[in-house]
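So the chains spell out like this:
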Amino acid sequence: MVLTIIVVPAIFAWRQRKIDSAARTSRAALSSEAAEFLFGFRDLKIYQQLESKEQQLTAFSDDYAEQQRKAGLEENLSQSVNGFVALLVSFFVLGLGTYFVATDQLDGLYLAMLVMISLAVFENVPPMAVFPAYFEDNRKAAVRLENVVAQERNSEKLLELPGGPLDFKLDKVAYTYPNEERPALNQVSLTIKEGTKTAIVGPSGSGKSTLLQVLLNIADVDAGDITIGGKPLQNVRQENLWNAMNVVLQENHFFFGTIRSNLLIANEEAPEEAMQEALNKVQLGQFSLDTKVSEKGANLSGGEKQRLAIARALLKSKPIWLLDEPVSSVDSVTAQAIYKELFANGEKNTFIIISHDLSGLEEMDQIIVMEQGRVIETGTYEEVMKRQGYFYQLKQVEKSIFA
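**Student:** I tried to follow the sheet that holds strand β2 (residues 185–192) on my own but got confused; where do I start?
**Tutor:** Strand-to-strand pairing in sheets goes through backbone hydrogen bonds, with the strands running parallel or antiparallel. With antiparallel pairing, four strands are arranged side by side in an open sheet as β2-β1-β4-β5. Sheet topology places β2 and β5 (231–232) at the edges, where each strand pairs with a single neighbour. Bridge count between strand β1 (residues 168–175) and strand β4 (residues 223–228): five bridges; the pairing is antiparallel. Bridging from a neighbouring strand, Lys 169 pairs with Thr 227 of β4.

What follows is the structure in C-alpha cells.
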C-alpha cells in the first residue's frame, strides 16, 4: 500500500509536473500563433506569406499534439506501473502463503483469505493511478485561486479617492519593461495640478504612453514615488482610480452591436438625448444610435473610432481626463473643434493629453516635453518657446513642413 498509494503516485506526480508545463507552453504558443494567423490573414495574403505562416502553425499544432500524446502515455504508464506493483504484491502474498501451507505453518483455508484480502486492499490502486494528472491540474488551479484571494485580501487595505479633480506628483519615477535593457521612464519628476490642462509631447519611443500607463496604475514603477490627491498611487484601489477617470487610448475596443450599446458601456443610465448630444459634440451626429457596429468596430474608420471613444468618455463625465493621441486620425479642424468641446464641457477638470500634434497647444496650462524616457522641458507654451530648446525646434520643423 505504501508503494501503490504513496511512492508510485508521488513519483509520477513529479514527472507529470514537467509534462504539463511543456504542454501548457506548447498550447500557449499554438494559441498565440493561431490568433496571429487569423488577425494577420489579410496582410499575409498581401505579402504572399500565407503558406509560410500555415507551415509554422502546423508545426506548432504538431508539437502540441506530441505533448498531448506524451501526457496520455504518462497516464497509461502510471496506471500500468501501479497495477503491476499491485499484482507483484498479490503474487508475493500467494507465493509466501503457499510456502507456509506446504510447511504446515498455515492452514490452506487461510491462504485463500489472504489472497482475497490483498486483492481487496488494492481496489484503491486504479484511483491512485490517475492521481498525478488530477493533482497537477488542481495544484495549478489552487495557485491561481490563492493569487485572486490574496489580491482581494490586499485590496481591503487600499485607499479610496475623494471626489473632484485631483493633482498628480511624480518624484524620480523609473520604469523598465520586462526583458528590456533601456528604461522607458528615467528619473521622471513632474507635477500636474488639479483643474489644469497638460500636454505631454515628444518623439515616438520617448515614454509618453508608458507615463500614461503609470498614471493609470497599470504598470508598477521600479523606483520613485507617485501621488494622486496627496495619496500614494500604489495604495489606491485600481477600480476607484479608474472610476475617477475618462480614458481614451490609442487603440479602443468596440463591441459587436450598435452605437447605443457601445456608448452605454460608459454609463448604463445615460438617456438617448445625452448619447446623441455626445455624438454631436464629436461631430458624429450623422450616426443614429441604432447604427450597427461590427466586431472590433471593423465597419468604422480610424477617425470615427476615435471620436466614438471620446463620446463614450463624455458620457462617463469624470473629473480626470487621460487622452493618448485621441485625435491622431482626425483632420486638424475637426480635432480643434473636439478639443474645444472637451475643454468647455470640463472647464474645471484635469486634462492630461499625449499628442504628436504640436498645434493648438497655446491653450495648455503646462507642456511637458519628453525624450528617451526623460522630461527635458516643462512650462507654459510661451515659456518653452522662449527657451528655444527642444520644443521650439520641433515647432520650427512643423512650420517648415506645413509652410
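Once you've had a look at it, read on.
**Student:** Just checking my understanding: could you explain helix α11 (residues 302–316) for this structure?
**Tutor:** Think of an α-helix as 3.6 residues a turn; residues three or four steps apart then line up on the same face. The end-to-end C-alpha separation of α11 is 22 Å, in line with the 21 Å expected for 15 residues at 1.5 Å each. For α11, a buried count of twelve out of 15 residues is recorded, marking the element as mostly surrounded by other parts of the structure. For α11, the secondary structure elements touched by its buried residues are β6 (245–248), α9 (259–263), α10 (272–281), β9 (320–324) and α12 (332–345). In the stretch just after α11, Ser 317 is the one whose phi turns positive, near 55°.

**Student:** Looking at this model, I keep getting lost on the pairing of β1. Mind explaining?
**Tutor:** Across a regular strand the side chains alternate sides, sitting on one face of the sheet and then on the other. Where β1 and β2 come together, five bridges link them in antiparallel fashion. In the strand pairing of β2, Leu 170 is matched with Leu 190.

**Student:** Explain the packing of α10 against α11 here, please?
**Tutor:** Each packed pair of helices is defined by two parameters, the angle between the axes and the distance between the axes. Between α10 and α11, the shortest axis-to-axis distance is 9 Å and the interhelical angle comes to 135°. For the element pair α10 / α11, the angle class is oblique. Seen along the crossing, α10 lies across α11 with a hand that is right-handed. Along the contact surface, α10 presents Ala 274, Met 275, Ala 278, Leu 279 and Lys 281, while α11 presents Leu 308, Ala 311, Leu 314 and Leu 315. Looking at side-chain class alone, the contact of α10 with α11 contains eight nonpolar, no polar and one charged residues.

**Student:** Would you mind going over the pattern of salt bridges with me for this structure?
**Tutor:** Two side chains with opposite charge may pair up if their charged atoms get near one another. Using the criterion set out here, one finds seven salt bridges in the structure. Across the pair Lys 53 and Glu 33 runs a salt bridge, and its minimum N-O distance is 3.1 Å. Of the two residues, Lys 53 is situated in helix α3 (residues 50–102) and Glu 33 in helix α1 (residues 2–39); the sequence distance between them amounts to 20 residues. The shortest N-O distance in the salt bridge between Arg 69 and Glu 66 comes to 2.7 Å. Within this pair, Arg 69 and its partner Glu 66 are both found in helix α3, separated by three residues, close to a single helical turn. With a relative accessible area of 44%, Arg 69 lands in the partly exposed category.

**Student:** I would appreciate a short explanation of the packing of aromatic side chains in the present structure.
**Tutor:** Here a ring pair, both rings aromatic, is described through the centre-centre distance and the interplanar angle of the planes. Taken as a whole and judged by the stated rule, the model has seven aromatic pairs. Ring plane angle 55° and centroid distance 5.8 Å describe the contact between Tyr 99 and Phe 100, whose orientation is recorded as tilted. Taking relative accessible area as the criterion, Phe 100 reaches 29% and is therefore assigned partly exposed. Residues Tyr 381 and Phe 391 carry aromatic rings whose centres are separated by 5.9 Å and whose planes lie at 85° to one another, so their mutual orientation is edge-to-face. One end of the pair, Tyr 381, is in helix α13 (residues 381–387); the other, Phe 391, is in helix α14 (residues 390–402), and ten residues separate them in sequence. When its relative accessible area of 0% is taken as the criterion, Phe 391 is described as buried. Through successive ring pairs, a cluster of aromatic residues spans Trp 321, Tyr 339, Phe 343 and Phe 351.

**Student:** Where do I start with the sheet that holds strand β12 (residues 374–379) in this structure?
**Tutor:** With mixed pairing, six strands are arranged side by side in an open sheet as β6-β9-β10-β3-β11-β12. The open sheet is flanked by β6 and β12, the only strands paired with a single partner. Neighbouring strand axes in the sheet, compared pairwise and without regard to direction, differ in orientation by 15° on average. Pairing of β6 with β9, which is carried by four bridges, proceeds in the parallel orientation. Within β9, the position partnered with Met 245 by the bridge is Ile 320. Docked against the sheet, α12 engages β3 (197–201), β9 and β10 (350–354), running at close to 155° with respect to β10.

**Student:** What is the right way to look at a nonpolar patch on the surface in this model?
**Tutor:** Nonpolar side chains collect at one region of the surface, where Val 2, Leu 3, Ile 6, Val 7 and Ile 11 lie side by side and expose about 430 Å² of accessible area between them. Take Val 7: its relative accessible area is 33%, and that puts it in the partly exposed class.

**Student:** What should I look at first to understand the side chain of Asp 324 in this one?
**Tutor:** Summarising the element assignment, Asp 324 is placed in strand β9. Engagement of the side chain of Asp 324 in a polar contact is seen with the side chain of Ser 209, the distance being 3.0 Å. Beyond its immediate chain neighbours, meaning those up to four positions away, Asp 324 contacts Ser 209, Leu 212, Val 248, Leu 249, Gln 250 and Ile 354.

**Student:** Looking at this structure, I do not really get α1. What am I missing?
**Tutor:** Over its 38 residues, α1 runs 53 Å from end to end, which matches the ideal 56 Å to within 8%, given 1.5 Å per residue. Maximum bend of α1: about 30°, positioned at Pro 9.

**Student:** Is there a simple way to think about a negative patch on the surface in this case?
**Tutor:** Taken together, the side chains of Glu 362, Glu 363, Glu 382 and Glu 383 define an acidic patch exposed on the protein surface. Residue Glu 382 is classed as partly exposed on the basis of its relative accessible area of 44%.

**Student:** Would you mind showing me how to read the environment of Ser 329 here?
**Tutor:** Relative to the assigned elements, Ser 329 resides in the loop between β9 and α12. Residue class for Ser 329 comes out partly exposed when judged on its relative accessible area of 46%. Taking the C-alpha atoms as reference points, Ser 329 and Val 375, separated by 46 residues in sequence, lie 26 Å from one another. Not counting residues within four places of it along the chain, the set of residues in contact with Ser 329 comprises Gly 302, Gly 303 and Gln 306.

Reading the values: the criteria
Sequence positions are assigned chain by chain, starting from 1 and proceeding in written order. Per-residue local features of the predicted model are confined to residues with pLDDT of at least 70, and side-chain atom pairs are confined, for both listing and counting, to 80 or more; whole-chain, interface and lining totals are unaffected and use all residues. Excluding hydrogens and water, the side-chain figures rest on all heavy atoms present in the structure. When DSSP finds at least two bridges between two strands, those strands are taken to pair. In this description a helix means any DSSP run of H or I spanning at least four residues, a strand means any run of E spanning at least two, and both kinds are numbered starting from the N terminus. What a helix should span is 1.5 Å times the count of its residues minus one. Only protein chains enter the calculation, and the probe is 1.4 Å; a residue is then buried if its accessible area is under 20% of its type maximum, exposed if over 50%, and partly exposed in between. Contact between two residues is taken to exist if any of their heavy atoms lie within 4.5 Å; hydrogens are not considered. The angle between two axes is taken between their N-to-C directions and runs from 0 to 180 degrees, where each axis is a line fitted to C-alpha atoms and a helix contributes only its stretch in contact. Roughly parallel means an angle under 35 degrees; roughly antiparallel, over 145; roughly perpendicular, 65 to 115; everything else is oblique. Crossings are sorted by hand: turned counterclockwise from the far helix by less than a right angle, the near helix makes the crossing left-handed, and turned clockwise it makes it right-handed. In this classification, Asp, Glu, Lys and Arg are treated as charged, Ala, Val, Leu, Ile, Met, Phe, Trp, Tyr, Cys and Pro as nonpolar, and every other residue, Gly included, as polar. When a carboxyl oxygen of Asp or Glu lies within 4 Å of a side-chain nitrogen of Lys or Arg, that pair is called a salt bridge. To pair, rings of Phe, Tyr and Trp, with the six-membered ring standing in for Trp, must have centres within 6.5 Å; the planes then decide the type, stacked if under 30 degrees apart, edge-to-face if over 60, and tilted in the middle. Exposure above 30% relative accessible area and no salt bridge define the residues that can form patches, which grow by joining like charges within 9 Å and nonpolar side chains of Val, Leu, Ile, Met, Phe, Trp and Tyr within 5 Å. Per-residue and other accessible areas were derived by the Shrake-Rupley procedure at a 1.4 Å probe size, with only the shown protein chains allowed to occlude residues. Side-chain atoms alone can form a polar contact between residues adjacent in sequence; in general such a contact is a pair of N or O atoms within 3.5 Å, and within protein one must be able to donate a hydrogen while the other accepts it. Take the seven residues that end at a residue and the seven that start at it, fit an axis to each, and the angle between those axes is the bend at that residue. When charges are tallied, Lys and Arg are placed among the positive residues and Asp and Glu among the negative ones, while His and the ends of the chain are skipped. Lysine's charge is taken at NZ, arginine's at CZ, aspartate's at CG and glutamate's at CD.

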